[in-house]
Amino acid sequence: MYGLGDTPREVQNSYERASARLAVEPAGGTVGPAQLQGAFLRAGYYDDYWPARAEALSAYLQGDPGPLADLAGPHPDAAAEAENAQAVYTAVECNDAPWPTDFSVWDRDNTRLARRAPFETWDNVWTNLPCAFWPAPRQRPLDVRTGPGELPPTLILAAEDDAATPTTGPWSCGVGWRARCW
């Protein structure tokens, strides 16, 4: 449909080819590999983002940089809202769990994770790294354990096929430092 490939590997190759070209000549003078990465990372959170990104990537690889420049380029009119949203995200995230304060832990854990999930890992690290230095007192996670035969007071739901927060992996209960299950 988009001409990016018939297999996941072929589509990945299309993305990597575009990223390499953008490193040499940014689309519209503003969209390089980092902006491409940022635009596609957002699609990991919103399924409805995929068609526009696939169309823009396809057009770019066929010689038209316009749609990609429009999609991934700077949007000054949305900057204040994005900054506010990021500030709220950081405040919530940094108080949500006891984050490591030693960068060597971040580096070790995420270097290992990046071998399996290279696309999202390091962008997620840089987004959440302020939590290693968060100055406010951290909240203690709520203990939701129950006795034998009792129903738990909370219900935790997770979506399947969520690229950003898969149901298995370092963000799952008991698997990594991000999530704590009681």
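Residues numbered from 1 in each chain as written. Predicted model: local features only at pLDDT ≥ 70, side-chain atom pairs only at ≥ 80, totals over all residues. Heavy atoms only, no water.

Novice: In this structure, what is going on with helix α1 (residues 8-24)? I would like to understand it.
Specialist: Structural remark: α-helix, 3.6 residues per turn; residues separated by three or four positions point the same way. With 17 residues, α1 should cover 24 Å at 1.5 Å per step; its first-to-last C-alpha distance of 25 Å lies within 8% of that length. The elements touched by buried residues of α1 are α2 (33-43), α3 (50-61) and α4 (66-72). (Helix = DSSP H or I, 4+ residues; strand = E, 2+ residues; numbered from the N terminus. Expected span 1.5 Å × (residues − 1). Contact = heavy atoms within 4.5 Å.)

Novice: Which parts of the structure should I look at to understand the nonpolar core?
Specialist: Soluble globular proteins tend to pack their nonpolar side chains together in the buried interior. Residues Leu36, Leu57, Tyr60 and Leu68 are the most contacted members of the largest nonpolar core, which totals 17 residues. Taken together, the elements giving at least two residues each to this core come down to α1, α2, α3 and α4. No other element matches α3, which puts five residues into this core. Leaving out residues up to four positions away in the same chain, leucine 68 has contacts with Leu22, Val31, Leu36, Ala56, Tyr60 and Gly73. One finds Cys94, Ala97, Trp99 and Val125 within the second-largest nonpolar core, a separate group that totals eight residues. (Core = buried A, V, L, I, M, F, W, Y, C linked by side-chain atoms within 4.5 Å. Buried < 20%, exposed > 50% of the residue type's maximum accessible area, 1.4 Å probe, protein only.)

Novice: What should I look at first to understand the state of the cysteines in this one?
Specialist: Each disulfide is one covalent bond, formed between the sulfur atoms of two cysteines. Enumeration over the complete set of coordinates arrives at one disulfide. Shown here is the disulfide that connects cysteine 94 with cysteine 131, its sulfur atoms set 2.0 Å apart. Across the disulfide from cysteine 94 to cysteine 131, rotation about the S-S bond amounts to roughly -85 degrees, and the bridge is consequently left-handed. Of the two residues, cysteine 94 is situated in helix α5 (residues 79-96) and cysteine 131 in the segment after α7 (121-128); the sequence distance between them amounts to 37 residues. Just as cysteine 94 is buried, cysteine 131 falls in that class too. (Disulfide = S-S within 2.5 Å.)

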